[in-house]
Amino acid sequence: MTRFLFALFMFSGVMLAQAEEIVLGMSQNEVAITATFDGSNILVFGAIKRDSPIPKVPLHVIVSITGPSKPVVVRRKAQQFGIWLNKDMVEVDAAPSFYAIATTGSFFREVLSETEDLQHNVSINRAISLAGAPKNTPNAQNFTDALIRIRREQGLYQSLEGTVALDQQTLFRTTIKMPASLTEGEYKTRIFLTREGRVLNKFETSIDVRKVGLERFLFKLSRDSPLTYGLLSIAIAIMAGWLASAFFQVIRSR
Amino acid sequence: MQIYLPIAEVSVNAFLLLGLGGLVGILSGMFGVGGGFLMTPLLFFIGIPPAVAVATEANQIVASSFSGALAHFKRRTVDFKMGLVLMLGGLLGAALGVLLFNYLKSLGQVDLLVRLCYVVFLGIIGGLMFIESLNAILKSRNPGGVKKRRERNLVHSLPFKVRFRTSGLYISAIPPFVVGVFVGILSAIMGVGGGFIMVPAMIYIIGMPTKVVVGTSLFQIIFVTAFTTILHATTNYTVDMVLAVLLLVGGVIGAQVGTQLGTRLKAEQLRILLAFMVLTVCGKLALDLLLQPAELYSLSVAQGP
C-alpha cells in the first residue's frame, strides 16, 4: 500500500513537472566578436506554460551560461631568494572559460537543494570540481578557490543571485553581461524551473560566440598557417616603416 | 574607442595604444633609442599578457628600425659586412632565446624571466645613463677635460680576422658574432631591438667609429626582430597584428616628431630625464618582484591551435 502511494506520489510529481514548462526567448543566440567588441549583454526571457492553476508554493528560475572548458594551470607565488616567484602549481583538467548563474532567490537556501545541484551541476563550484581537480596535491581546494576568485574579479564567473525577475509566477527575464575577454566557442545556456529546491523542468540551448570579419581572419590565419601570419606581419611592418620615412621626407623637403 | 585584440583576446582603448606608441616614438626619436625597452613594460602595465607583449613588440621594432635604417642606407653609414656578422650571431641568439623562452613558459617562469631581465638591464642602463649625463653636465660647466685614448685589448688578439672596410677595422669576427648572439637572446626574451646594449658594445668592445654604429645596429635589428617575430608567431602564436599596427602607427609618427624636438632641446638634460624614466619603470618592476603581491595565485590557459 505504501509502495502504491509512493508510486502515485512519484507519478504526480512527474505530472507536476510536465505541467509547467519553459518557453524561452533570447535577445540573441550569437555573439559576434568584432574589432570594436566591448562585451555584450544577453537578455534571457521567457514564460512558463502550464495547464493547471498556479500552485501556492512559489516557483524559482535559474539561468546559467557556461563557456567552453579548457585546462587551466593555477600557480601560487612564494618568496624565494627575496623575490616572489611561481612555485606550486595545480593543473585543473577543465574549467569553463565563462560561467554565469542568475537566480530568482538566494542559491542554496531557496532555489536549489544540494542533491539537485550534485545531479545537474549548476553552481560554480560544481562546474569546476567536476572537472576533477588532482587529489594528490595538498590544499588543491585553495587552488580551485583562487581560480574562481580570479575569474570572478575578471567578470568571467558571476553569481547573480536574485537578478532574475519573475512576474506573476509566469514571466521571467534577466540580463547577463558578458565581458570583452571572451573565448570563442559554444556557450551552453540552461534554464531550470525549481520549486522547494527540486528541479521541475529544464531547458537547454546554446549561444554561439565567435570572432567575425578581420578578427576571425587574423585569428584563424595565426593558428592555421602561422608562418604566413608571421611573414604577413613583417611585411606590414616593413611597409609601414618605408611609408613613414617616405612620407616625412616629402614633408621635410617642402 | 575600445578595440578587441584578436590574439591577446583583450579589449583595450585604441587611442591609449596610439598614444603610447606616439609617446615612446617621440622618446625614441629624441634619444635615438629603439624604445622597445620602454614599450614592453608599458604593455604589461596596461594588461597585455607578457608573452603577447614581447612577441608583438618585436614585430613593431621591425617597422621602426626599417624606417630608421632607410635614412642610414642613403647616407651610406651602414657597415654591411659587420652587420652580416652581427646578424648571423643575432639569428642564432634569437633561436636560443625563443627556446629558453618556451622552456621557461612550460615551467611557468617566463613572467619572472622577462621581468628579471628588465629589472637588471633597465637598472644598469638607467644608472649608467644617469651617471654619464650628470658627468656631461658637470663637464660642460668646466670645460677642458682630457679624453682617454682607446686601448688595444683582447679583441685584437683573437683568430678569424676579417677586414671591415666601412668601419676601417681589421679584427676578429668572434667579438661581433658574440655581441650579436647576446643581443639576439635579449631580443627574443625581452621584446627589444637591443640597440641600447649593442651600440655601447660596438663602440667600446669592437671599436667601431660612431658614425656607422647606429646604422649598422639598425640593419642588424631589422633581421633579428623579424626572425624573432616569425619564431614567436610559429611556436607561441603570440604576435598580435592589430596591436602591432596600432603601436607602429603611433610609433613612426612619434619618432619623426621626436627627431624634430630633439634637435631643439639640450641633450644632457634630456638624457637625465630619460634616465629617470628608465629607472622609474625599473623600480616599478622591481617592486612587483620584491613586495608580496595582492594575489598570490595566477592562471594560465594552454595556448594552441
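Rules of the game
- Residues numbered from 1 in each chain as written.
- Chains lettered and ligands numbered in written order.
- Predicted model: local features only at pLDDT ≥ 70, side-chain atom pairs only at ≥ 80, totals over all residues.
- Helix = DSSP H or I, 4+ residues; strand = E, 2+ residues; numbered from the N terminus.
- Buried ≥ 20, exposed ≤ 12 C-beta atoms within 10 Å, placed from the backbone.
- Contact = placed C-beta atoms within 7 Å.
- Pairing = 2+ DSSP bridges.
- Nonpolar A, V, L, I, M, F, W, Y, C, P; charged D, E, K, R; others polar.
- Axes fitted to C-alpha atoms, helices over the stretch in contact; angles between N-to-C directions.
- Core = buried A, V, L, I, M, F, W, Y, C linked by C-beta atoms within 7 Å.
- Domains from an automatic or database assignment.
- Expected span 1.5 Å × (residues − 1).
- Parallel < 35°, antiparallel > 145°, perpendicular 65-115°, else oblique.
- Left-handed = near helix turned anticlockwise from the far one by under 90°.

### Here we look at the overall build of chain A
Then comes step 1: Within chain A, the secondary structure is distributed over seven helices and twelve strands.
Then comes step 2: Burial status across chain A gives 30% buried among its 254 residues.
Then comes step 3: Contacts in chain A between residues far apart in sequence, at least 24 positions, make up 71% of those at least 6 positions apart.

### Structural notes on the pairing of strand β3 (residues 161-164) of chain B
Each regular strand displays side chains that alternate between the two surfaces of the sheet.
All names here are of chain B.
Then comes step 1: With four bridges connecting them, β3 and strand β4 (residues 169-172) associate as antiparallel partners. Across the sheet, Lys161 pairs through a bridge with Ser172, a residue of β4.
Then comes step 2: Here β3 hands over to β4 after four residues, with Gly168 in that stretch at a positive phi of 65°.

### Focus on the interface of chain A and chain B
Then comes step 1: On the chain B side, the residues contacting the 47 residues of chain A number 48 residues.
Then comes step 2: At the level of elements, β5 (69-80), β6 (83-96), α5 (140-153), α6 (213-224) and α7 (226-253) of chain A are the ones that each hand at least two residues to the side of chain A that touches chain B.
Then comes step 3: No other element matches the 15 residues that α7 of chain A contributes to the side of chain A that touches chain B.
Then comes step 4: Of the residues contributing to the side of chain A that touches chain B, the split by class is 29 nonpolar, ten polar and eight charged.
Then comes step 5: Bridge analysis of β5 of chain A against strand β5 (residues 297-301) of chain B gives five bridges, and the strand direction is antiparallel. Looking across to β5 of chain B, one finds that Arg75 of chain A is bridged to Ser298 of chain B.

### Focus: the sheet that holds strand β11 (residues 185-195) of chain A
Hydrogen bonds between backbone atoms are what pair the strands of a sheet, whose relative direction is either parallel or antiparallel.
All names here are of chain A.
Then comes step 1: The six strands lie next to each other as β2-β12-β11-β4-β7-β8, forming an open sheet whose pairing is mixed. With partners counted over all chains shown, the strands left at the sheet margins are β2 (30-33) and β8 (157-160), one partner each. Here the average twist between neighbouring strands, direction ignored, is 15°.

### A look at the nonpolar core
Then comes step 1: By size, the foremost hydrophobic cluster in this structure holds 150 residues, and its most contacted members are Ile62 of chain A together with Ile222 of chain B.
Then comes step 2: The biggest single contributor to this core is helix α8 (residues 210-235) of chain B, with 14 residues.
Then comes step 3: Two domains each provide a minimum of three residues to this core, namely domain 1 (21-211) and domain 2 (212-254) of chain A.

### Let's talk about helix α1 (residues 14-31) of chain B
Then comes step 1: A rise of 1.5 Å per residue sets the reference length of α1 of chain B, with its 18 residues, at 26 Å; its end C-alpha atoms lie 26 Å apart and thus fit the reference within 8%.
Then comes step 2: Every buried residue belonging to α1 of chain B is among Leu17, Leu20, Gly21, Gly22, Val24, Gly25, Ile26, Leu27, Ser28, Gly29 and Met30 of chain B, and all of these are buried.

### Quick notes on the packing of helix α6 (residues 174-190) of chain B against helix α7 (residues 195-206) of chain B
Residue and element names in this part refer to chain B.
Then comes step 1: α7 packs onto α6 with a crossing angle of 165° between their chain directions and a minimal axis gap of 11 Å. Taken as axis vectors, α6 and α7 run roughly antiparallel relative to one another. Once α6 is placed against α7, the crossing between them reads as right-handed. Packed against α6, whose contacting residues are Pro175, Pro176, Val179, Val183 and Leu186, the element α7 presents Ile197, Met198, Ala201, Ile205 and Ile206 at the interface.
Then comes step 2: Tallied by class, the residues present in the contact of α6 with α7 amount to ten nonpolar, no polar and no charged.

### Some details on the sheet that holds β6 of chain A
Then comes step 1: If you walk across this open sheet you meet the three strands as β6(A)-β5(A)-β5(B), and the pairing is antiparallel. With one partner strand each, in any of the chains shown, β6 of chain A together with β5 of chain B form the two edges of the open sheet. Within the sheet, the average angular offset between the axes of one strand and its neighbour, ignoring direction, is 25°.
Then comes step 2: As defined by bridge partners, β5 of chain A adjoins β6 of chain A across eleven bridges and the pair is classed as antiparallel. Across the sheet, Val72 of chain A pairs through a bridge with Val92 of chain A, a residue of β6 of chain A.

### Digging into the domain arrangement of chain A
Residues and elements named next belong to chain A.
Then comes step 1: Entries for chain A in the domain assignment read domain 1 (21-211) and domain 2 (212-254).
Then comes step 2: Computed over C-alpha atoms only, the centres of domain 1 and domain 2 are separated by 40 Å.
Then comes step 3: Facing six residues of domain 1, the contacting portion of domain 2 comprises six residues.
Then comes step 4: Among the elements of the structure, β2 and β12 (198-211) are those that each provide at least two residues to the side of domain 1 that touches domain 2.
Then comes step 5: Each residue belonging to the side of domain 1 that touches domain 2 can be placed in one class, and the counts come to three nonpolar, one polar and two charged.

### Considerations on the pairing of β12 of chain A
Residue and element names in this part refer to chain A.
Then comes step 1: As judged from the four bridges shared by β2 and β12, these two strands associate in the parallel manner. By the bridge assignment for β12, Ala32 is matched with Arg210.
Then comes step 2: With eleven bridges joining them, β11 and β12 adopt antiparallel strand pairing. Counterpart to Thr189 in the pairing with β12 is Thr205.
Then comes step 3: Where β11 folds back onto β12 in an antiparallel hairpin, the turn is made up of two residues, including Glu196, whose phi is positive at roughly 55°.

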